[in-house]
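# Summary of the model geometry
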Amino acid sequence: MKKDNKKVIYWLFTGCFLIFIMVIVGGITRLTHSGLSISNYKLISGAIPPITEQEWHEAFDLYKQYPEYQKLNTHFSLEDFKDIYFWEWFHRLIGRLIGIVFLIPFIYFLMTKQLTSKTIKKSIILLGMGAFQGFLGWYMVKSGLVDRPDVSHFRLAAHLTTAFVTFAYTFWVALDLIYPNRKTVNLSFRNLVRWSMVILLIQIIYGAFVAGLDAGFIHNHWPMMSEGQFMHETVLMEQSPVWLNFFEGKSGVQFVHRTLAYIVVLMILIIWNQSKKLTLTDLQKKSINYLLILVGLQFLLGVFTILLQVPVWLGVAHQVGAFFLLTGMTFTLHRFSK
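Every value quoted in this text rests on a predicted model; they were computed, and no experiment measured them.

On a plain count of helices and strands, the chain comes out with 11 helices and 0 strands. Secondary structure elements in the chain, listed N-terminal to C-terminal, are α-α-α-α-α-α-α-α-α-α-α. Computed over its C-alpha atoms, the radius of gyration of the chain comes to 22 Å, within 12% of the 20 Å expected for a compact globule of 338 residues. By its C-alpha atoms, the chain is 65 × 60 × 30 Å across when sized along the principal axes. Of the contacts formed within the chain by residues at least 6 apart in sequence, a portion of 79% connects residues at least 24 apart. A total of about 17300 Å² of accessible surface is found on the chain, and carbon and sulfur atoms cover 68% of it. Of the charged side chains in the chain, 30 are positive and 19 negative, and the gap between their average positions amounts to 22 Å.

Counted under the stated rule, the structure contains 1 cavity of 30 Å³ or more. As a volume, the largest cavity reaches approximately 770 Å³. Elements represented by at least two residues in the lining of the largest cavity include exactly helix 1 (6-31), helix 6 (153-178), helix 7 (187-213), helix 9 (250-275), helix 10 (282-307) and helix 11 (312-335).

Right, let's talk about the environment of R335 for a bit. Relative to the helices and strands, R335 is located in helix 11. Here the alpha-carbon distance between R335 and K3, two residues 332 residues apart in the chain, equals 23 Å. Polar side-chain contacts of R335 include one of 3.3 Å to the side chain of H334.

Glancing now at a nonpolar patch on the surface. There is a patch of nonpolar side chains on the surface, built from W222, Y262, L300, F304, L307, L308 and W313 and spanning about 750 Å² of accessible area. Mapped onto the elements of the fold, W222 is located in the loop between helix 7 and helix 8 (245-248). Residue classification places W222 among the partly exposed positions, given a relative accessible area of 40%.

Per the stated rule, a full pass over the model turns up 6 salt bridges. For E88, the salt bridge identified is with R92, shortest N-O distance 2.7 Å. Highlighted residues: E88 and R92, both in helix 4 (residues 78-111), separated by 4 residues, approximately one helical turn. Exposure class is identical for E88 and R92. Each is buried.

Right, let's talk about the nonpolar core for a bit. In this structure, W11, L12 and F164 are the most contacted members of the largest nonpolar core, which totals 66 residues. Broken down by secondary-structure element, the contributors of at least two residues to this core are helix 1, helix 4, helix 6, helix 7, helix 9, helix 10 and helix 11. Beyond its immediate sequence surroundings of up to four residues, L12 is in contact with L126, T170, V173, A174 and L177. Of all hydrophobic cores here, the second largest spans 12 residues; its members include I38, Y63, Y69 and L78.

Glancing now at the side chain of N220. For N220, the position within the fold is in the loop between helix 7 and helix 8. The class of N220 is buried, set by a relative accessible area of 14%. Within the structure, the side chain of N220 is placed 2.8 Å from the backbone oxygen of G216, a separation counted as a polar contact.

Moving on, we get to the environment of H318. Within the secondary structure, H318 sits in helix 11. Judged by relative accessible area, which is 19%, H318 ranks as buried. In this structure, the C-alpha to C-alpha distance between H318 and G207, residues 111 residues apart in sequence, is 9.6 Å. Among all residues touching H318, those that are not within four sequence positions of it are H257, Q298, L301, G302 and T305.

Let us look at the packing of aromatic side chains. A complete count under the given rule lists 34 aromatic pairs for this structure. Consider the rings of F60 and Y63, whose centres lie 6.4 Å apart with planes at 20°: the pair is stacked. Residue F60 and its partner Y63 are located together in helix 2 (residues 53-63), separated by 3 residues, close to a single helical turn. Using a relative accessible area of 6% as the deciding quantity, one classes F60 as buried. What makes Y63 buried here is its relative accessible area of 1%. Both rings, one in W243 and one in F247, keep their centres 6.1 Å apart while their planes meet at 75°; by these two values the pair is edge-to-face. For W243, a relative accessible area of 53% puts it in the exposed group. Residue F247 is classed as partly exposed on the basis of its relative accessible area of 34%. Feature note: the residues F13, F20, F164, F167, F171, F323 and F324 constitute an aromatic cluster, connected by ring pairs. The ring centre of F60 lies 4.5 Å from the NZ or CZ of K64, which sits over that ring.

Definitions and cut-offs
- Residues numbered from 1 in each chain as written.
- Predicted model: local features only at pLDDT ≥ 70, side-chain atom pairs only at ≥ 80, totals over all residues.
- Heavy atoms only, no water.
- Helix = DSSP H or I, 4+ residues; strand = E, 2+ residues; numbered from the N terminus.
- Rg over C-alpha atoms; globule rule 2.2 N^0.38 Å.
- Contact = heavy atoms within 4.5 Å.
- Areas by Shrake-Rupley, 256 points an atom, 1.4 Å probe, with all protein chains shown as cover.
- Lys, Arg positive; Asp, Glu negative; His and termini not counted.
- Charge placed at Lys NZ, Arg CZ, Asp CG, Glu CD.
- 1 Å grid on protein atoms, 1.4 Å probe; cavity = no way out; pocket = protein on both sides within 12 Å on 5 of 7 lines; lining within 4 Å.
- Points joined across faces, edges and corners; volume = space filled by probe spheres on them.
- Polar contact = N/O pair within 3.5 Å; in protein donor to acceptor, adjacent residues only side chain to side chain.
- Patch = residues over 30% accessible without salt bridge, like charges linked within 9 Å, V, L, I, M, F, W, Y side chains within 5 Å.
- Salt bridge = Lys/Arg side-chain N within 4 Å of Asp/Glu carboxyl O.
- Buried < 20%, exposed > 50% of the residue type's maximum accessible area, 1.4 Å probe, protein only.
- Core = buried A, V, L, I, M, F, W, Y, C linked by side-chain atoms within 4.5 Å.
- Phe/Tyr/Trp six-rings, centres within 6.5 Å; stacked < 30°, edge-to-face > 60°.
- Lys NZ or Arg CZ within 6 Å of the ring centre and 35° of its normal.

What follows is the structure, encoded as structure tokens:
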């Protein structure tokens, strides 16, 4: 039987699709403040939500024992609880499904010898990344069950970024199988794309910081952060020492996220301009053109998300835009890597 066949490629793309769905549902879960509705973790039995009225009351009583209910949601009825419970349960269900989709076909392909040694090694890395992602999800939730009714934005960023990186690596492995032979067109150009990828990942991390701190609900103006001036005079006084504001202060984090957006756009414009000086294949040209379109759309989504004070649908669209932009960057880098 031929190794690394189409079935293997379809398996990897199925994993990519499920991670994409999980990121969307994760965004909805965050924006609807549903992430702390399930305060325990049961790998098997937790896949089935409460069914009877008694089970719902037991789940609601458990929720009442933690800070989010006690400090923010004491007005919640059982129906309100059911609404937020659904998104967190659905998010975890997709996580379980991803684990099954990655593990069972991998065992099958391994037993039927349909994988090369290189793909086996890459697949084991993917399984490890998936398991680590699941751990980070629970580690993130735990941070909101102690004193404050919200998760740590650092843990949220780790959880989200790991999902993006896992997707990118899964996509890369699939591309390796589709395009087994490729040459580096220009080393300096490839390095330019690599650095752009790094900056994009940092921007994704800061996007998670903005989400985790609810920093998108302030400074809802553009291009200035406030009317008449770029930043309030008190912006850099939110945290002491001042540099902490750029990691823990709402204004500072939003400022960095906005600044990085301009840098990402600039880097991709440079990539597009420099590519004009090279002899490229049609696929390489298309990858760069799509990258330019994607970054333009993502920038506009970011602007409107801020101006409209983060409506759920637009916040999710902005997160999806980041996902597609990372996909475009990954594909472009693959096209220029040896």
